[in-house]
Amino acid sequence: SGELLMPKLRRYQQGFTLVELITVIVILGVLASSITSFLRFGTKSYTDAADREALISTARFVVERLNREVRHALPNSIRTIGDNNQCLEFVPIDKSAIYLDIPVAPETPSNSVEVVMLEDPLNTSTEYVAIYALNSDDIYNTAPGVIEAFSSVNNTGDKQTPSTITFASNILFSAESPTNRLYFIESPVSYCIESNSVFRYQGYGFGNYASNGLPNVGTTTARVLMAEHIANYSTSGNVAPFSTFPATLQRNGLALTRLKFVRNLEEVVFNNEIQVPNVP
């Protein structure tokens, strides 16, 4: 009976040795470390790609919006303001029209002008007309005879029938436009870089600026955040995000923008040239 018990005893004593257990633990540790590193690398790659995509989307949005607005700005109204040219300012055009006749010295002043307009009505924020504005000083100082506030527009809604612009008093314009072009304009708009962000200002009016050169924030001013993570502007340095070049006989006016976006070590730089195709 002793001989029958020995095989059963040996069978019940079978198991892992200490060396085998240690080997299994080491192998499992190596596998766990490899899997963790793989997951960490995948997560980091996804995060980096998401940050890069967010930066590119933000940059594209503000650049495309700026392109669209500047291309429809009043000729010669594009300029830089603020410390170290931190703002790009321009005057939006609502509509353009062809005038039939305007009072120009030494003619008799008049309080109305007839124009050929499109059918669409004017925006409610449109308060001025501009004729043959040749420089930004005339525009932003609302020089008489160049920028004039009107009181009403009798829009016939028909291109075949002249419409009438009425002014609060009799006026004289400084010069005739070579193309008889009149612009209906709104108050200035500015894109400014502040605290690593881009803000859009609207509704602050002509000549309304704070001591640092930025638009004054008043009750009618709209200040909207357009983009974040800007990293190429310093009030004490010489890195200007905006620069402008006036129109010449050979080319249109130009606005150059250089915006550097940085987020979590991801960096995107947009160098953009905007042409203003309108003529005064």
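Residues numbered from 1 in each chain as written. Predicted model: local features only at pLDDT ≥ 70, side-chain atom pairs only at ≥ 80, totals over all residues. Heavy atoms only, no water.

Take the sheet that holds strand β6 (residues 147-154) next. Spatial ordering of the closed barrel is given by β3-β4-β7-β6-β5-β8, a layout of six strands whose pairing is antiparallel. On average, each strand axis in the sheet is inclined to that of its neighbour by 45°, with strand direction left out of account. (Pairing = 2+ DSSP bridges. Helix = DSSP H or I, 4+ residues; strand = E, 2+ residues; numbered from the N terminus. Axes fitted to C-alpha atoms, helices over the stretch in contact; angles between N-to-C directions.)

Okay, the nonpolar core next. Ranked by internal contacts, the top residues of the largest apolar core, which has 25 residues, are Val62 and Val70. Setting aside residues no more than four positions away along its own chain, valine 70 makes contact with Ile78, Leu88, Phe90, Ala255, Ile274 and Val276. Val113, Val115, Phe150 and Phe167 belong to the second largest nonpolar core, which has 16 residues in total. (Core = buried A, V, L, I, M, F, W, Y, C linked by side-chain atoms within 4.5 Å. Buried < 20%, exposed > 50% of the residue type's maximum accessible area, 1.4 Å probe, protein only. Contact = heavy atoms within 4.5 Å.)

Okay, unusual backbone geometry next. Between alanine 105 and the following residue, proline 106, the backbone shows a cis peptide bond with an omega angle of 10°. Structurally, proline 106 can be placed in the loop between β3 (93-101) and β4 (110-116). Phi is positive for asparagine 84, which is not a glycine, with a value near 55°. Its place among the elements puts asparagine 84 in the loop between β1 (79-81) and β2 (87-90). Looking at asparagine 84, the relative accessible area reads 23%, which means it is partly exposed.

Glancing now at the pairing of β3. Looking at chain direction, β3 and strand β8 (residues 181-185) are connected through five bridges and run antiparallel. Each residue of the ladder has a partner; that of isoleucine 98, found in β8, is arginine 181. Both β3 and β4 contribute to a ladder of three bridges, which runs antiparallel. Bridge assignment links tyrosine 99 to a residue of β4, and that residue is valine 115.

For the structure on display, the rule yields one disulfide. Paired by a disulfide, cysteine 87 and cysteine 192 hold their sulfur atoms 2.1 Å apart. Of note, the bridge from cysteine 87 to cysteine 192 carries an S-S torsion of about 115° and is right-handed in sense. Of this pair, cysteine 87 sits in strand β2 while cysteine 192 sits in strand β9 (residues 189-194), and the two are 105 residues apart along the sequence. Its relative accessible area of 0% is what places cysteine 87 among the buried residues. (Disulfide = S-S within 2.5 Å.)

Our focus in this paragraph is the layout of surface pockets. Its volume calculated, the largest pocket comes out at about 400 Å³. In terms of lining residues, the largest pocket is bounded by 20 residues, among which Asn76, Pro246, Ala247, Thr248 and Gly253 are the most central. Elements represented by at least two residues in the lining of the largest pocket include exactly β12 (242-245) and β13 (253-263). Residue classes in the lining of the largest pocket are distributed as eleven nonpolar, eight polar and one charged. (1 Å grid on protein atoms, 1.4 Å probe; cavity = no way out; pocket = protein on both sides within 12 Å on 5 of 7 lines; lining within 4 Å. Points joined across faces, edges and corners; volume = space filled by probe spheres on them. Nonpolar A, V, L, I, M, F, W, Y, C, P; charged D, E, K, R; others polar.)

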